[in-house]
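# Summary of structural features
So the chains spell out like this:
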Amino acid sequence: MVTRIGVAGVVAVFAAGIWLAVAPFALGYHHLGAGWTAAAKIDLLTGALLAAAGFAGIFCVIAGRVAELYADARSAASLASPARPGADRRNSPR
């Protein structure tokens, strides 16, 4: 079952990755047009990897939830349909 804690964790990883990727520019220790420092490269690379992992995780959570919904629909459909075509009480003679 997809939990809210799991979803929150994946979203937090994605948000942390986005923040790390934009931190050099947002905090001002890397200016556009300047040479890349080691700290800016590491922040950008780490942020991009975390954001990609979080983004993939979000799609995995969505796929898991869709699979759960399909499984629930299949089980509800199997309960709603009779086991034998003539076994429906509404059509049986009284």
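Relevant structure appears above.
The notes below deal with the structure included here. In this text the structure is predicted, and so the values were computed from the model without any measurement.

### Quick notes on the pattern of salt bridges
Considering all chains together, one arrives at one salt bridge under this definition. Residues Arg 65 and Glu 68 are paired through a salt bridge, measuring 2.9 Å at the closest nitrogen-oxygen approach. Of this pair, Arg 65 and Glu 68 both sit in helix α2 (residues 38-80), three residues apart, which is roughly one turn of the helix.

### Looking at a nonpolar patch on the surface
Together, Ile 18, Trp 19, Val 22, Leu 27 and Tyr 29 make up a nonpolar patch on the protein surface, roughly 480 Å² of accessible area in all. Within the secondary structure, Tyr 29 is located in the loop between α1 (4-26) and α2. Residue classification places Tyr 29 among the partly exposed positions, given a relative accessible area of 35%.

So, how was this worked out
Residues numbered from 1 in each chain as written. Predicted model: local features only at pLDDT ≥ 70, side-chain atom pairs only at ≥ 80, totals over all residues. Heavy atoms only, no water. Salt bridge = Lys/Arg side-chain N within 4 Å of Asp/Glu carboxyl O. Helix = DSSP H or I, 4+ residues; strand = E, 2+ residues; numbered from the N terminus. Patch = residues over 30% accessible without salt bridge, like charges linked within 9 Å, V, L, I, M, F, W, Y side chains within 5 Å. Areas by Shrake-Rupley, 256 points an atom, 1.4 Å probe, with all protein chains shown as cover. Buried < 20%, exposed > 50% of the residue type's maximum accessible area, 1.4 Å probe, protein only.

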